[in-house]
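Breakdown of the fold
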Amino acid sequence: MAGLAGARAWEQDGRPTNIVLLGPPAGGKGTQADFLSERYGMVHISIGDLLRKRAKFLPEVAACMSSGKLVPDDLVSSVLKERLAERDCSNRGVLLDGFPRTRAQAEALKTAGVEVAVVLHLKVADDVVVERIAGRRIDPMSGKVYHVTDNPPPPDVAARVIQRDDDTA
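Everything numeric in this text was worked out from a predicted model, so none of it was measured.

Buried within helix H2 (residues 47-54) are the following residues: Ile 47, Leu 50, Leu 51 and Arg 54. Taken around the axis of H2, the buried residues stretch over an arc of 95 degrees, which confines them to a single face. Elements that come into contact with the buried residues of H2 comprise strand E2 (43-46), helix H3 (59-66), helix H4 (73-84) and strand E3 (94-97).

What follows is the structure, given as structure tokens:
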């Protein structure tokens, strides 16, 4: 990759770039992915958000998530592979937020033909992560993320923001 400069992030051979963002929950992966996807036109895929959406249709995903267990690698990989097959991903490249987390997931990514050009690992102190999780709020209508002190929701949104079920410090 010739760097992240320019209107779009492309490989030298003309294929879209794929980037992996790793880090702890509330470590800023989504924030950085939103910034990068807006700047470079890439598709931001948060595996957590994707699984929460798919849980409505896949009882096995819902069961794992509601019990606090990790969704099995093969199921996570299958859900992601389905999303990666959509045209926007192949045309624009992807920012994978929180995937892969295990060797099996990384191997599934490779098997699916996804070439990762860059891995960004965000390191955040544990006490900062706890504070971010405790204050994080989501607007269920827009999906926009706020923080009660660092980025409070506007007055017209404040009454409807919620704390995610898995945001427990």
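Now that the structure has been shown, the text picks up again.
Below, the discussion takes up the pairing of strand E1 (residues 19-22). By the bridge criterion, three bridges tie E1 to E3 in an arrangement that is parallel. If you follow Val 20 over to E3, its bridge partner there is Leu 96. Of the strand pairs in this sheet, E1 and strand E4 (residues 118-121) are connected by four bridges, and their pairing is parallel. Looking at E4, one finds that Leu 22 is bridged to His 121.

It is worth spelling out H4 at this point. Compared with the 16 Å implied by 1.5 Å per residue over twelve residues, the 16 Å span of H4 between its first and last C-alpha is a close match. Those residues of H4 that fall on the buried side of the exposure criterion are Leu 75, Val 76, Ser 77, Val 79, Leu 80, Arg 83 and Leu 84. Residues of H4 that are buried make contact with E2, H2, H3, helix H5 (87-92), E3 and helix H6 (103-111).

Moving on to unusual backbone geometry. Leave glycine aside and you will find that most residues have negative phi; peptide bonds, for their part, are mostly trans. Omega for the peptide link from Phe 99 to Pro 100 comes to 0 degrees, which places this bond in the cis form. As for its position among the elements, Pro 100 is in the loop between E3 and H6.

This part covers the side chain of Arg 136. Mapped onto the elements, Arg 136 comes out in strand E5 (residues 136-138). You can call Arg 136 buried: its relative accessible area is 14%. Sequence-distant contacts of Arg 136, defined by excluding residues within four places in its chain, comprise Ala 26, Val 145, Tyr 146, His 147, Ile 162, Gln 163, Arg 164 and Asp 167.

Axes are the key here: two packed helices are described by the angle between their axes and the distance separating the axes. Where H2 contacts H4, the two axes come as close as 10 Å, and the packing angle between them is 95 degrees. By the angle class used here, H2 and H4 are roughly perpendicular. Packed against H2, whose contacting residues are Ile 47, Leu 50, Leu 51 and Arg 54, the element H4 presents Val 76, Val 79, Leu 80, Glu 82 and Arg 83 at the interface. In terms of residue class, the contact of H2 with H4 is built from six nonpolar, no polar and three charged.

Turning next to the confidence of the model for the chain. When pLDDT is averaged across the chain, the result is 85; 91% of the residues are at 70 or more. Averaged over each element, pLDDT in the chain is lowest for H3 (87) and highest for helix H8 (residues 155-158) (94). With pLDDT under 50 throughout, residues 1-8 is counted as low confidence; its partners more than four residues away or in other chains account for 18 contacts.

Strands sit in the order E2-E3-E1-E4 across an open sheet of four strands; the sheet is parallel. Two strands bound the open sheet, and with one partner strand each, they are E2 and E4. In this sheet, neighbouring strand axes are inclined to one another by 20 degrees on average, regardless of whether the strands run parallel or antiparallel. H2 rests against E2 and E3 of the sheet, and its axis sits at about 70 degrees to E2.

So, how was this worked out
- Residues numbered from 1 in each chain as written.
- Predicted model: local features only at pLDDT ≥ 70, side-chain atom pairs only at ≥ 80, totals over all residues.
- Heavy atoms only, no water.
- Buried < 20%, exposed > 50% of the residue type's maximum accessible area, 1.4 Å probe, protein only.
- Helix = DSSP H or I, 4+ residues; strand = E, 2+ residues; numbered from the N terminus.
- Arc of directions from axis to C-beta.
- Contact = heavy atoms within 4.5 Å.
- Pairing = 2+ DSSP bridges.
- Expected span 1.5 Å × (residues − 1).
- Axes fitted to C-alpha atoms, helices over the stretch in contact; angles between N-to-C directions.
- Parallel < 35°, antiparallel > 145°, perpendicular 65-115°, else oblique.
- Nonpolar A, V, L, I, M, F, W, Y, C, P; charged D, E, K, R; others polar.
- pLDDT = per-residue confidence, 0-100.

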